[in-house]
Structures are given as structure tokens and as C-alpha cells.
Amino acid sequence: MSGTPGNPRGAQLWGGRFEGGLDPFFETFNRSLPFDRRMVDDDLVGSIAWAQALGAAGVLRQPEVDKLVKGLQKLRAACAHDPELPARAADEDVHSFVERELGELVGPLARKLHTGRSRNDQVATDLKLWLRRTAAGLDDALTELMRALVELADRTAALPIPGYTHLQRAQPITAGHHALAYVEMLARDRSRLADALRRADTCPLGSGALAGTAFGVDRAALARALEFRGGPTRNSLDTVGDRDHVAEVLFCCSMVMLHLSRLAEDWIFLGSHEARLVRFADAVATGSSLMPQKKNPDALELIRGKTGRVLGHLHALQVTLKALPLAYDKDLQEDKEGLFDALDQTVACAKVMTTVVDTIEYDEERCRTAASGGFLNATDLADLLVRAGVSFRDAHERVGVAVRRALAHGCELEELPRPILQELMPEVADSLARELRLDRVLGRRNAVGGTAPQRVRTEVRAWRRRLAR
Ligand code: ARG
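Residues numbered from 1 in each chain as written. Predicted model: local features only at pLDDT ≥ 70, side-chain atom pairs only at ≥ 80, totals over all residues. Heavy atoms only, no water.

(A) Quick look at the environment of L113. Tracing the backbone shows L113 in the loop between helix 5 (94–106) and helix 6 (119–155). For the pair formed by L113 and S47, sequence separation is 66 residues and the distance between their alpha carbons is 7.7 Å. Leaving out residues up to four positions away in the same chain, L113 has contacts with S47, W50, A51, L54, L68, L72 and L102. (Helix = DSSP H or I, 4+ residues; strand = E, 2+ residues; numbered from the N terminus. Contact = heavy atoms within 4.5 Å.)

(B) Structural detail: unusual backbone geometry. A cis amide bond links L326 to the next residue, A327, at an omega of 5°. One can find A327 in the loop between helix 11 (298–321) and helix 12 (335–359). In this structure, R276 takes a positive phi of about 50° despite not being glycine. Position of R276 relative to the elements: it lies in the loop between helix 10 (244–271) and strand 3 (278–279). With a relative accessible area of 38%, R276 lands in the partly exposed category. Phi at F375 takes a positive value of approximately 65°, unusual for a residue other than glycine. Considering the arrangement of structural elements, one finds F375 in the loop between helix 13 (364–372) and helix 14 (378–387). (Buried < 20%, exposed > 50% of the residue type's maximum accessible area, 1.4 Å probe, protein only.)

(C) The site of the ligand, seen in detail. Taken together, the residues surrounding the ligand are S32, D36, D93, H95, R119, N120, V123, Y328, Q333 and K336. Take Y328: an N or O atom from its side chain is 2.5 Å from an oxygen atom of the ligand. Within the complex, 86% of the 340 Å² of free accessible area of the ligand lies under protein. If one sorts the elements of the shell around the ligand by residue count, helix 6 sits on top with three residues. Residue composition of the shell around the ligand, by class: two nonpolar, four polar and four charged. (Near = heavy atom within 4 Å. Polar contact = N/O pair within 3.5 Å; in protein donor to acceptor, adjacent residues only side chain to side chain. Areas by Shrake-Rupley, 256 points an atom, 1.4 Å probe, with all protein chains shown as cover. Nonpolar A, V, L, I, M, F, W, Y, C, P; charged D, E, K, R; others polar.)

This is the structure:
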């Protein structure tokens, strides 16, 4: 790092004021290049737009703008070609890296680029640009996962499994209906993300350090050049200290992870030896180093485990922002690692879950058996009595008695001896056996939102249309 005239301490962007050097340990502590280098392309894109804005404002002459832009584009190509280039540099942060490299390409002219700009509005802009393109990757991963779940729903539209409340078997449902429940959750996640991104879609550049820029930059044109559809931000103080969009995207990631962790837990439970209703493919399970017989659902457990980590990132940022004085404070540098990791982990989990969905197998025979027994059709028997004119309360009571009798007999409701049925519920004794059949129980729940195979197939068709590429 060679010294430059007017900047005797060398590489720092702020050396003039200082005589002594940085404590070496603090220098490392202070550096953000090891992680903010992920925004190098965004910093370059923002810098190109800024150079052009300075030109349009008459602050730079056109040949200067052209030379700066050419240099920045060259650096962009170099970083695209060699993504580790910033990783090898010793600069304080990604902004210092870009300015120094630009200096090597265009000479002292590079020292004009930062006119009217601060790293505070610069980093806010970089982060929003990064967020926009990275969130697109998350949206893609969620869409792929939804497609996989819709196809699983199609394969299992008519497959009965026990549905649970309180983790006690409650009523039969179809496995397809279970899969589509997660499609609904992920659809809300995508809409939440789109909403957060829409609110984040304003351009911070031109806010200066905190008070705005003193040069006559056309911020609306700048926002257009950087494709921020909401135009420029309206208050510089707010802008340089605003990380609402980071918190919102972290919340979006947290909700995705909450949903994935619930699916993970559902299937870990259904795959346990106690249930044995699903099997995991070898591709997403691992064994034990000690117990040769083991096959563990590690993919799902890791997804469940990483949920805590992503939720932690949201909480960490909220605590960092709490009571943070206006405008910019260096605390805000702590926003990035959590955000980057949250998006990395959430995208990775969505991808791994997609593989699990593609390869999971329901044990059809065991599923059918599990959904057939244990009085899961008791509600349907009560409904049958209701259709015969009995009030639901009375029906509930009488079916409860019937369940007790069946328990004593060691049989299902529909297997109760004829005389008992005649005694307990003469109204339905004839139709009961037919109406309590599993296919009838499922098929009746055909109203919108229900678990009936026909309804699941209708929903599958609708989702396929909505998710068509
Ligand atoms: N590395 C800093 C960050 O991530 C960039 C902004 C630094 N601004 C400053 N005034 N020190 O927030």
C-alpha cells in the first residue's frame, strides 16, 4: 500500500487527519472487506452511476466521466473474471478497494469519484442492490421447492395418512393435502419477500454522509439509472441509518425457515420407527459411525437446526438497531454478515428440502392402515347422525359412548356388532359401514380448503398454472 500525495498514511480513505497508525489488532477488527467484498459488483455499479451523475451535474467533465466509467467497467470485468481479487487485497472495506484499484487503472482522476458522496450513502446503496439480486435467488429457490411439493401432492393426492392435532391422531387426511399446506406457506413467504423488496426499492445514493449532497446531482435520474423503482429516498438522515429492509428480509428468511423446520419436523416424526409412514432416500440420509443399522434424517435435522441460526440473525440486527442514534454509526457494519448468512442458509435449506421432497416415499400400506384405525372416522359418524336429524351435541355424546364400547370390544366403530349399533344409533345402523369407509370420509371433504383427493387435484392444477415458468 503505497502512500499517495495528500493521503500520507496510504490506503485509508481518511488518512489526512491522522498522524499515528492503527493498532494492528484494531485494524483487523475494523475491516469489513473480508465480508463486504460480496458487494463489489454492486459498489462498482453504484460508482458508475455516481460518476455519470457527477458528469450530468457539471461536477466532472465528460472526458473525466468516460475515463472513470471505463476504469470501473474494467475493474468490474476483472472482478467477474477473478472473484477472489478483493479477497487478496488489504483494504479497509469494499469501497476503499474499488477506489484504490480504480486509481491503479486511471491514475489520480480516481480521487475525484468520491465527490459529494459518503461511504454512508454508498454502503446503503450497495446493500440494497445486493439485496435485490440475492433475494431474486431466494425467490427462485422457493419457487422450485413449491413446484416439487405440488408434484408430490399430485403423486399423493389420494393417499390417506393420519392427520394430527396435539400430535394425537385426529382425522384422516391425504398426503397431498399435507404437501399443499406447505405450498400455501411458501406462497405467503414469497409474497412477503416481494412486499419487503418493494418497500426497499428506493435509492439512497446522493444522501451524503447524513445531511444530503451539496452538489446538484439529479437524484431521480440516479435512482432510474440504478433501477430503483421507488425513486430517491426522501430524507438523508433516515437513509444512512435505515436498515429496515435488512430486518424485513431477515424476517422473511426467518418465516421461510420456520416453515421449513415444521415440514422437517413433520417428516422426521413420520419417518421415525414409531410411525414408519415415510422413508427418506439414501441421497439425503446418513448413517452412524457406531451403529451399523442406523439411517438418520440428517438433511431435515440440519434444516430444523439452521432455523435457530437464521432467527438469531434477525434478533441480532434488531438489538443492534435498538436505540441506535441517528444517523450513521459503525454499529451498522454489523448488519452484513448476518444478512449474508441468513440468505445463504435459507437458499441452501430450500434447495436441500427440494431434494427431500423429490425423493421422499410414503409407505402406502402403512399409511392406509394408520389412517383407517383408531376411530379417526368418529367425527364422520357424528356427522352421519346429524344428517339423520340428531343435534351435533347429542351426536357427539352418542359417538363418544360408541367409542367406549368399541374400545371395550377391541374393534373399530364400523366393526361394532350389529345389536350394539341398533341400540346406540338405529338411525344410521344400515348406512354406517359404507359411510365410514376411508374413501368416503376423505371424499366428503371436498369444499374449498378440504383434504378430498378431488379437491387436492384441483388445487394441484391451480398451482401448476400459477407456477408455470
Ligand atoms: N464498512 C462500513 C459499513 O459497512 C462502510 C461505511 C463506513 N462509513 C464510515 N463512516 N465509517 O457500514
